[in-house]
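Understanding the architecture of this molecule
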Amino acid sequence: MKLELRGITKRFGAVLANDHLDITISPGTIHAIVGENGAGKSTAMRIAYGFYTADSGEVVINDQVRDIRAPHDAIALGIGMVHQHFMLVRPMTVTENIVLGAEPGSAMALDLRKAAANIRALSEEFRLAVDPGAVVEDLSVGQQQRVELLKALYRRAELLILDEPTAVLTPQEVEEFFAILRRMRGQGKTVIIITHKLSEVLAISDHVTVMRDGRVVGHVRTSETTAAELARLMVGRDVLLRVAKTPAQPGASVLTVRDLSIAGHDDTKRLDTVSFDVRAGEIVGIAGVEGNGQTELIEALAGLLPASQVTGSMVFGGREIRGLDARRRREAGIAHVPEDRHRRGLLLEFSLSENAILGVHYRPPAVSGVGAVFLNRTAIRRRAELIIRDFDVRPPNPELAARALSGGNQQKLIIGREFELPPKLLLIAQPTRGVDIGAIEFIHRKIVALRDAGCAVLLVSAELEEVTALADRLLVLNGGRIAGEVDPARATHEDIGMLMTGGHVPSRVLKGHS
Amino acid sequence: MTLLRPLLFPLIAVLCAFLVGAVIVALLGDSPIETYRLLLGSAFSWPDGIGYTLFFATPLIFTGLAVAVALRGGLLNIGAEGQLYVAAFVTAWVGITFANLPAVLLVPLCCLGGIGAGAAWGAIPGVLKARFGSHEVINTIMLNFVAIALVGYLTQYHYRMPGDPIMETAPIGGGAHIPRLGAFIPGLPARIPLNAAFLLALLSCWLVYVLLWKTKWGYEIRATGQNPAAAEYGGVSIRREIVLTMAISGALAGMVGINEVLGYRYRYYDGFSDNYGFTGIAVALLGRNHPAGVVVAALLFAVLQRGGVPVDAFTQLVSKDIVLILQALVILFVAAEAMFRSAGRGQRAAGSSGQAVVGQVGPSTGSGPVSGGTI
């Protein structure tokens, strides 16, 4: 299917999300649309899918101007969309999910058998390996994504729009997923993939459209471009894709973790007898598929898990910290940039000023007066302004609600707040999730600078590129255990991926033993 | 202008309620203009109208504040009714038991007794939630029944005067009486029960404002209400905040007893509350959980309450239930506004291409302490 967006303009209040976009998607190709957050790529695709209507411009399908007012118009024309957050009913089966909204049979009798057979045939055609009878909540994230694909295929989609499809997948799953996309292309389907991961763009797409500030700034053949060129188009200036850092000069051990285990709610162990050290002046990276204990490890170290769940020892600065609550640990010098900034890191309705003191709000200089009870507005504002300036938070208005900031700026605010502590140990999880390339470069530089100033850093990231680029030592978690320690400079992504999924790797990349 | 904007929607809600109310009156076959003239005229006449309106507003300011503080802390306190009953009874009990103390001691003692009783009664569902995770909505509702039965029992079997046909306690000592404002304001007769508790209500508004927005304690309460996970991350003990917030809320509700016992009847009168605790929810809702808004909303509900009587008496067809209808309409329109706003926010979140952030709208049904956080 050939899809053209002609002169599409869409405005949300004062924000011009799409400014006279012209994009042509050739039939039977995989077309990547890249751009930073807020570049307008999702908006453009949601217009094509009928989720929004454009203020002006037209959507042309197979050389015919079409009036797409709602998703069901788009579906009828053969357009399918898979959202970043899956829209599945978890307790229902694959078949029930897929037919939802297009139930076969008469009004009184639902004919699921025929549907299941159809779904099985589709699944085999594209080798998706999805069992139509399986209950969705029993499926892995990768399988759930394939259910979403099936949903679109079942509705006879000829063109599929995929919004950040690889964000939730492991390296191995990404490879499988790309193989599926290639098979779809082979069957004549057209695929649009929205992403900001340049390596994936280069690996999978035939054409790339680059967007910035609501406009198309480049349209290139993938075979004729490089990551550096795409990054420059996206950001509007040259971007350093590699992290510049000198070899670590590690000092004494700051954090010593021995036999740390964390019980889950269902008697399973989320973390199983993990031991490691983090020394001053080094970055220790933790790689692993999400859900293998990283979250629990960081929360346990930050003092956010009930003591009853945690066994083993955590010695920080020569002191056992297991008995200390989150406040005491921060006072001791442990800063924490949480993996989910909306859930943990920010008070979205509060101003930047109020967010700038979270965690230190109860002690001077944030409070003053009798008994240190009253918030000191001037001091709080000064702190916020300092963070805004040093960490380039935009817009630089301390009275703005944190909700009003883009993801990257929210993240810079949190990082600035935690760096301001100042920390002896930084726990930092997914530091650049959902953050623009330009801000990623900035955040990476700041983390390295903190390391060079002698801080111990424990870094968790689902992005292998990030964790290998930043870490001086890399631990791989699998099933709550340390599967191995590797030298991030020498191990390949495939090696690390093997460790992440419980496979074996050649001993040349392993350091010592776990 | 930015200062006035939060007032705009509640104002529209009230106007809409009065418009629909006018249609209802017209459909009944009476004159809306005449009805509203009676309603508002009697509420704003001097001295009876204004005096009684302010008197009626007093308990609603306390309960409105109580609900507002709880909501700011992410808790829905439906138990203000029970808290104020327990508090009023204890206020009277102190006034009876220590009747011989001089006023300078007895008045503060009665006040502290009532406030403490309200705080303790409010803290119970807080502790239950903090310790066992049981939802405060259920527990506060249940404790209302317990409270009302308990003080009814104590009144009937232990503190009723022999031979008194009314369910009420013995009178409190004279030293526990607080002055009526008629004593200071020329032209305001002493028979109008508007008393010093009204000034205490206004003072409480200011104190609540300072507490919530100027102190570290208020910061922690609001942070817990806005995002408990983030507050916890910031070193706030969520369990402590839940108990503390419920205690403060209960204390504020309990101050109704000061108006009722020390300033009006000088004894505990069983069943005195005209659903003050529940109307407080509407007052907080209309007042946007802000102390200043609570005062305005409490005044509005007091005007309706005061104005209902003459409407009943002097119109052919309209009963004083028009007041209930208007109150209900105001709540409906305020709720509708909240719906519009949350829908608008959902749209914006969807438009911002990144993670959708609709989690905060609407009352949470989970066990977290965020229920009704954005009402």
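Residues numbered from 1 in each chain as written. Chains lettered and ligands numbered in written order. Predicted model: local features only at pLDDT ≥ 70, side-chain atom pairs only at ≥ 80, totals over all residues.

**Thoughts on the overall build of chain A**
When you go through chain A residue by residue, the secondary structure sums to 17 helices and 22 strands. By its C-alpha atoms, chain A is 70 × 50 × 50 Å across when sized along the principal axes. Out of the 514 residues belonging to chain A, those deemed buried represent 48%. A fraction of 66% describes how many contacts in chain A between residues 6 or more apart in sequence connect residues 24 or more apart. (Helix = DSSP H or I, 4+ residues; strand = E, 2+ residues; numbered from the N terminus. Buried ≥ 20, exposed ≤ 12 C-beta atoms within 10 Å, placed from the backbone. Contact = placed C-beta atoms within 7 Å.)

**Focus: the overall build of chain B**
Looking only at helices and strands, one finds 14 helices and zero strands in chain B. Start at the N end of chain B and walk to the C end: the helices and strands fall as α-α-α-α-α-α-α-α-α-α-α-α-α-α. A total of 375 residues make up chain B; the buried ones form 52% of that total.

**Remarks on the interface of chain B and chain A**
Accessible area lost during the coming together of the parts is what is often quoted as the interface size. Contacts between the two partners involve 20 residues from chain B and, on the opposite side, 30 residues from chain A. Those elements that provide at least two residues to the side of chain B that touches chain A are helix 8 (216–226) and helix 9 (228–233) of chain B. Residue composition of the side of chain B that touches chain A, by class: seven nonpolar, ten polar and three charged. (Nonpolar A, V, L, I, M, F, W, Y, C, P; charged D, E, K, R; others polar.)

**Observations regarding the domain arrangement of chain A**
All names here are of chain A. Looking at chain A, the domain boundaries give domain 1 (3–235) and domain 2 (253–340 + 420–500). Taken over C-alpha atoms, the centre of domain 1 sits 34 Å from the centre of domain 2. Across the contact, eight residues belong to domain 1 and nine residues belong to domain 2. Residue assignment for the side of domain 1 that touches domain 2 shows that the elements contributing at least two residues are helix 6 (171–186) and helix 8 (227–235). Sort the elements by how many residues they give to the side of domain 1 that touches domain 2 and helix 8 lands first, with three residues. (Domains from an automatic or database assignment.)

**Description of helix 11 (residues 256–265) of chain B**
Residue and element names in this part refer to chain B. Of all the ten residues making up helix 11, nine are buried; the element is thus mostly covered by neighbouring parts of the structure. Taken residue by residue, helix 11 has Val 256, Gly 257, Ile 258, Asn 259, Glu 260, Val 261, Leu 262, Gly 263 and Tyr 264 as its buried positions. The elements touched by buried residues of helix 11 are helix 3 (48–72), helix 4 (80–97), helix 5 (103–132), helix 7 (196–214), helix 10 (238–254) and helix 12 (276–286). At the exit of helix 11 stands Tyr 266, carrying a positive phi of roughly 60 degrees.

**Re the sheet that holds strand 9 (residues 207–212) of chain A**
All names here are of chain A. One open sheet accounts for six strands, arranged 6-7-8-3-9-10; its pairing is mixed. The outermost strands of the open sheet, each flanked by one partner alone, are strand 6 (79–82) and strand 10 (215–221). This sheet shows a mean twist of 20 degrees between the axes of neighbouring strands, independent of strand direction. As paired strands, strand 7 (residues 159–163) and strand 8 (residues 190–195) are joined by five bridges and run parallel to one another. Paired with Leu 159 across the bridge in strand 8 is Thr 190. Sitting on the sheet, helix 8 is in contact with strand 3 (30–35), strand 9 and strand 10, with an inclination near 30 degrees to strand 9. (Pairing = 2+ DSSP bridges. Axes fitted to C-alpha atoms, helices over the stretch in contact; angles between N-to-C directions.)

**Description of the packing of helix 7 of chain B against helix 13 (residues 291–314) of chain B**
Residue and element names in this part refer to chain B. Relative to each other, helix 7 and helix 13 sit at 150 degrees, their axes nearing to 9 Å. Classified by the angle their axes make, helix 7 and helix 13 are roughly antiparallel. For the pair helix 7 and helix 13, the contacting residues are Cys 205, Val 208 and Tyr 209 in the first and Pro 291, Ala 292, Val 294 and Val 295 in the second. A per-class count over the contact of helix 7 with helix 13 returns seven nonpolar, no polar and no charged. (Parallel < 35°, antiparallel > 145°, perpendicular 65-115°, else oblique.)

**Some thoughts on the packing of helix 2 (residues 32–43) of chain B against helix 13 of chain B**
Residues and elements named next belong to chain B. In contact at an axis separation of 7 Å, helix 2 and helix 13 are set at 130 degrees when each is read in the N-to-C sense. One way to sum up the angle between helix 2 and helix 13 is to call them oblique. For the crossing formed where helix 2 meets helix 13, the hand is right-handed. Facing helix 2, whose interface residues are Thr 35, Leu 38, Leu 39, Leu 40, Ser 42 and Ala 43, helix 13 presents Val 303, Arg 306, Gly 307, Pro 310, Val 311 and Phe 314. Classifying every residue of the contact of helix 2 with helix 13 by side-chain character gives eight nonpolar, three polar and one charged. (Left-handed = near helix turned anticlockwise from the far one by under 90°.)

**Description of the pairing of strand 20 (residues 456–460) of chain A**
All names here are of chain A. The buried fraction of strand 20 is high, at five of five residues. On strand 20, burial covers both faces: Ala 456, Leu 458 and Val 460 on one face and Val 457 and Leu 459 on the other are all buried. The pairing of strand 13 (residues 283–287) with strand 20 spans four bridges and is classified as parallel. Bridged to Gly 285 within strand 20 is Leu 459. Two elements, strand 19 (residues 425–429) and strand 20, share five bridges in a ladder whose sense is parallel. If you follow Leu 427 over to strand 20, its bridge partner there is Leu 458.

**Some words on unusual backbone geometry**
Residue and element names in this part refer to chain A. Each neighbour pair has its own omega, and for Arg 394 with Pro 395 the value is -5 degrees, a cis peptide bond. Summarising the element assignment, Pro 395 is placed in the loop between helix 13 (377–390) and helix 14 (407–419). Look at the link from Leu 421 to Pro 422: it is a cis peptide, with omega at -10 degrees. Positive phi, normally seen in glycine, also occurs at Asp 392, with a value near 55 degrees. Here Asp 392 lies in the loop between helix 13 and helix 14.

**Focus on the environment of Gln172(A)**
Position of Gln172(A) among the secondary structure elements: in helix 6. Sequence-distant contacts of Gln172(A), defined by excluding residues within four places in its chain, comprise Gly497(A) and Thr501(A).

**With respect to the sheet that holds strand 2 (residues 15–25) of chain A**
Residue and element names in this part refer to chain A. Taken together, the four strands give an open sheet; going across it, the order is 2-1-4-5, and neighbouring strands pair in antiparallel fashion. Only two strands of the sheet have a single partner each, and these edge strands are strand 2 and strand 5 (64–66). Across the sheet, the mean angle separating the axes of adjacent strands is 30 degrees when strand polarity is ignored. Two elements, strand 1 (residues 3–12) and strand 4 (residues 56–61), share five bridges in a ladder whose sense is antiparallel. Counted as the bridge partner of Thr 9 is Ser 56 from strand 4. Of the strands in this sheet, strand 1, strand 2 and strand 4 are in contact with helix 1 (residues 41–48), which crosses strand 1 at around 115 degrees.

**Considering helix 12 of chain B**
All names here are of chain B. Across the eleven residues that make up helix 12, a large majority, ten, are buried. All of the buried residues along helix 12 are Tyr 276, Gly 277, Thr 279, Gly 280, Ile 281, Ala 282, Val 283, Ala 284, Leu 285 and Leu 286. Arg 288, located one to two residues past helix 12, shows a positive phi value of around 60 degrees.

**Digging into the nonpolar core**
Ala48(A), Ile79(A), Leu425(A), Leu427(A), Val457(A), Leu459(A) and Val476(A) are the most contacted members of the largest nonpolar core, which totals 159 residues. In terms of residue count, the dominant contributor to this core is helix 15 (residues 437–452) of chain A (six residues). Counting residues domain by domain, this core receives three or more from each of domain 1 (3–235) and domain 2 (253–340 + 420–500) of chain A. Ignoring anything within four residues of it in the chain, the contact list for Leu425(A) reads Val254(A), Leu255(A), Val278(A), Phe316(A), Gly333(A), Ile334(A), Cys455(A) and Ala456(A). Counting 104 residues, the second-largest nonpolar core is a separate cluster that includes Ile61(B), Leu200(B), Ile221(B) and Leu285(B). (Core = buried A, V, L, I, M, F, W, Y, C linked by C-beta atoms within 7 Å.)

**Observations concerning the pairing of strand 6 of chain A**
Residues and elements named next belong to chain A. By the alternation rule, side chains of strand 6 split into Ile 79 and Met 81 and Gly 80 and Val 82, which are all buried. Pairing geometry for strand 6 and strand 7, over four bridges, is parallel. Counterpart to Ile 79 in the pairing with strand 7 is Leu 159.

**Considering the environment of Ala491(A)**
Residue and element names in this part refer to chain A. Checked against the element boundaries, Ala 491 lands in the loop between strand 22 (481–486) and helix 17 (493–500). Residue classification places Ala 491 among the buried residues on the basis of 26 C-beta atoms within 10 Å. Linking Ala 491 and Pro 165, residues 326 residues apart in sequence, is a C-alpha distance of 26 Å.

**Let's talk about the environment of Ala170(B)**
Residues and elements named next belong to chain B. Along the chain, Ala 170 falls in the loop between helix 6 (136–159) and helix 7. By C-beta crowding, Ala 170 is classed as partly exposed, having 16 other C-beta atoms within 10 Å. Along the sequence, Ala 170 and Arg 160 sit ten residues apart, while their C-alpha atoms lie 6.1 Å from each other. Contact partners of Ala 170, with chain neighbours within four places excluded, come to Ile 96, Tyr 159, Met 161 and Arg 267.

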